[in-house]
Structure formats: structure tokens, C-alpha cells
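Listed below, chain by chain, are the residues.
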Amino acid sequence: MESLCVLLLHPVDAYLEQELARRCRLLRFCWDSPPDRRDAFLREHGPSVRALVTGGGAGGDAALLDALPRLEIVACYSVGFDRVDLARCRDRGIRVTNTPGVLTDDVADLAVGLAIAVLRRIPQADGYVRAGEWKANGQYNLTTRFSGKKVGIIGLGRIGLAIAKRVEAFGCPVSYYQRRELQAYPNYTYLPTAVELAANSDILVVACSLNEQSRRIVSREVMEALGPSGVLVNVGRGAHVHEPELAAALAEGRLGGAGLDVFEDEPEVPEALTALDNVVLAPHVGSGTHETRRAMGDLVLGNLEAHVLKKPLLTPVV
């Protein structure tokens, strides 16, 4: 792959960056530079770029794709590809890949961890001990059990199924909503709308892909159905949730709590959320383990190699 000119659009795991630099002709986008410098970079180097390595947050819009006239493949270092202009890629014959499967377990683990952290108030209890309040004020307030809670999952794909299997071990009944019922899982209850799912859940987990149908699927109506003792966990995409409505529902007690790993305008997080005590926040680290990031990097490299060798792509999107 030595002749393949690859543009790395944003910082990635050191392993992947080192391997790209070793195997390809690597260009690092000037992601921290002002827009005029980025534009100059693309004018100078864009015509030589044949492969783009990007992530779910950075994507690849039409303007960027048009600045890369020789682009052949977009390799996403993520499962999500909602910020890649797939229509433009199809029109130009640009191949697109992602990294599904290898991050399923880590994201599912985090979803369960967030739910438990919210109900048992683990971050707050940690702060109570560190601040010396246990010694000064005595025992911490009682919290809420996770085991046995009714868990609703929006999107019973790879990650949704992995979450379902984990919460079953805690004795949690599982329900789900998506566009179609899955006959292969009769032990999980299918509900025809997100509102009905929320109304029948103590914990609502968002684990679906982002598209126009699922954008802001967690609306005010869904939050109202989940109710003042309900907990929302989002490990999908920030845009799945109506963030202003979420902040208001949490602040007013119309929703009990939330565990969030994703946000609509990352890395910006609304102050209305950071100021709240009934929400646990994580900086989009669902796949953030050494093991998974290496596996994701290997998938990116494998797809690029397959493209160069004119072999079937390992995980094609387009």
C-alpha cells in the first residue's frame, strides 16, 4: 500500500496512525488550524489523496469529498457513518467502510455501567468520600436498585442485543422498538413505538443507528412516558435525543436520570446538562478500550489493503 495516499482527518489511536504511516503515504489533516489554513491544505494536497480515514464525529461531507477529486475509499474508524455523505460517495463510485462488530461488547458494557452509575449514584458517592463528607456527615443517602428493572432498548442490532443479554443476567425483562419485530428473539417483547416502549420501561437505552427516522427519536413525549423515576441511557448518537428537552425534563424532575456517552455537538456539552446532579456524562468512550481500538484499527487497515488489492472489502457500507 506504499503508493496509497491516505488523508487522516482527525486524531486516532497511536497504533492506527503508526501503521498508516508505515504502510501508506500518510497526510495528517491540520485539524487544529483555522479554516483558511485547512482550505489551503486541501488545495495543495487534495488532488493526491486516494483514501480518507475518518470517524463518526468527523465524517466526510460533500464539500470535503469534492476537495478530493481522486478519492477512492472512505474508511470510517467507527461504526457510525451518518456524517459521511453516502449519496455523494455513490454518485462518484467512492467506497465506504466502517468498523462494526469489534466494539459491540465495550459499548454494551458501558451502557450497563451508565445505567448502574445513575441508579446507584456511583460518581456522587465517590465525590462524597473524596470530599470527607462520609466522615463528617455519616452514611450516604440510599439509592435505587438496578437488578430486576424493566429495560427498553431502541434498536436491537448487534449492540442492542449485547445489552439485552447483559441485563438479562441482572433479572431485567427486556423490551425493544425498531422498524420491524425480530421473530428470532421471542423472549424479548416488541413494542410498536418508542413512546410505548418508554411507557413500559424503567430504563430506556438508545442503541440504534442515526438516520432521519431516528433523529431526535427521544422526544419530549418519550421522556414524559419514561417518567420521573425513569432513566435514559444513550450510547447511540447525540442527535437521537432532543437535548434541550432532556435538560429541561431532568431539571424539572419529569425524568429521573440519564447516562450519556454521546452528544449532539461533540465535544460541546450543554451547560444545562453539566450543571445537573442526576446525569452521568462520558466523553464518547463507548469503544474506548485498548483492545477494541486496536481491533478497529486493524479493520481500517484491512479494508484499505483489500481495496488496494482489489479484493472484497471486509466491512462495506457503500
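Above this text is the structure in question.
Since we're looking at a predicted model, the values are computed, not measured.

1. Thoughts on the nonpolar core
Ranked by internal contacts, the top residues of the largest apolar core, which has 53 residues, are L20, V53, I163, I203, V233 and L304. Looking at this core, the element that brings in the most residues is helix α5 (residues 104–120), giving nine residues.

2. A look at the packing of helix α1 (residues 14–23) against helix α13 (residues 290–308)
The N-to-C vectors of α1 and α13 enclose an angle of 25°; their axes lie 9 Å apart at closest approach. In terms of axis orientation, α1 runs roughly parallel to α13. Crossing angle aside, the handedness with which α1 passes α13 is right-handed. Counted together, Y15, L16, E19, L20 and R23 of α1 and R294, G297, D298, V300, L301, L304 and E305 of α13 form the full contact between these two elements. Taken together, the residues that form the contact of α1 with α13 break down as six nonpolar, one polar and five charged.

3. A closer look at the packing of aromatic side chains
One pass over the full model with this rule turns up five aromatic pairs. With 5.0 Å between their ring centres and 65° between their planes, Y128 and Y140 make a pair best called edge-to-face. Within this pair, whereas Y128 is found in helix α6 (residues 122–130), its partner Y140 is found in the loop between α7 (133–137) and β6 (151–154), the two being separated by twelve residues in sequence. A residue is classified by how much of its surface remains accessible, and Y128, at 12% relative accessible area, is buried. Residue Y140 is classed as partly exposed on the basis of its relative accessible area of 24%. Directly above the ring of Y15 sits R294, whose terminal nitrogen or CZ lies 4.0 Å from the centroid.

4. Structural notes on empty space enclosed by the protein
If you walk through the whole model with that rule in mind, you get one cavity of 30 Å³ or more. When its volume is computed, the largest cavity comes out at roughly 40 Å³. Forming the boundary of the largest cavity are N234, G238, V241, E243, L246, L260, V262, F263 and L273. The class makeup of the residues in the lining of the largest cavity is six nonpolar, two polar and one charged.

5. Description of unusual backbone geometry
Between E266 and P267 the backbone carries a cis peptide bond, its omega angle lying at 5°. Unusually for a residue other than glycine, R121 sits at a positive phi of about 55°. By secondary structure assignment, the location of R121 is in the loop between α5 and α6.

6. Things to note about the pattern of salt bridges
Per the stated rule, a full pass over the model turns up 16 salt bridges. Its salt-bridge partner being D109, residue R166 comes within 2.6 Å of it at the nearest N-O pair. Residue R166 is located in helix α8 (residues 158–168), and its partner D109 is located in helix α5; the two are separated by 57 residues in the primary sequence. Given a relative accessible area of 41%, D109 falls into the partly exposed group.

7. Remarks on the pairing of strand β11 (residues 257–260)
Neither face of β11 is left uncovered, since the one carrying G257 and G259 and the one carrying A258 and L260 both have all their residues buried. Sheet topology note: the strand β10 (residues 231–234)/β11 ladder contains four bridges and is parallel. Counted as the bridge partner of V233 is G259 from β11. At this point the chain moves from β10, through helix α11 (residues 243–252), to the parallel β11, and the crossover so formed is right-handed. Relative to strand β12 (residues 279–281), β11 runs parallel, the two sharing three bridges. Residue L260 lies in a different strand from β12, and its bridge partner there is L281.

The rules behind these values
- Residues numbered from 1 in each chain as written.
- Predicted model: local features only at pLDDT ≥ 70, side-chain atom pairs only at ≥ 80, totals over all residues.
- Heavy atoms only, no water.
- Core = buried A, V, L, I, M, F, W, Y, C linked by side-chain atoms within 4.5 Å.
- Buried < 20%, exposed > 50% of the residue type's maximum accessible area, 1.4 Å probe, protein only.
- Helix = DSSP H or I, 4+ residues; strand = E, 2+ residues; numbered from the N terminus.
- Axes fitted to C-alpha atoms, helices over the stretch in contact; angles between N-to-C directions.
- Parallel < 35°, antiparallel > 145°, perpendicular 65-115°, else oblique.
- Left-handed = near helix turned anticlockwise from the far one by under 90°.
- Contact = heavy atoms within 4.5 Å.
- Nonpolar A, V, L, I, M, F, W, Y, C, P; charged D, E, K, R; others polar.
- Phe/Tyr/Trp six-rings, centres within 6.5 Å; stacked < 30°, edge-to-face > 60°.
- Lys NZ or Arg CZ within 6 Å of the ring centre and 35° of its normal.
- 1 Å grid on protein atoms, 1.4 Å probe; cavity = no way out; pocket = protein on both sides within 12 Å on 5 of 7 lines; lining within 4 Å.
- Points joined across faces, edges and corners; volume = space filled by probe spheres on them.
- Salt bridge = Lys/Arg side-chain N within 4 Å of Asp/Glu carboxyl O.
- Pairing = 2+ DSSP bridges.
- Right-handed = clockwise from strand over helix to strand, strands pointing away.

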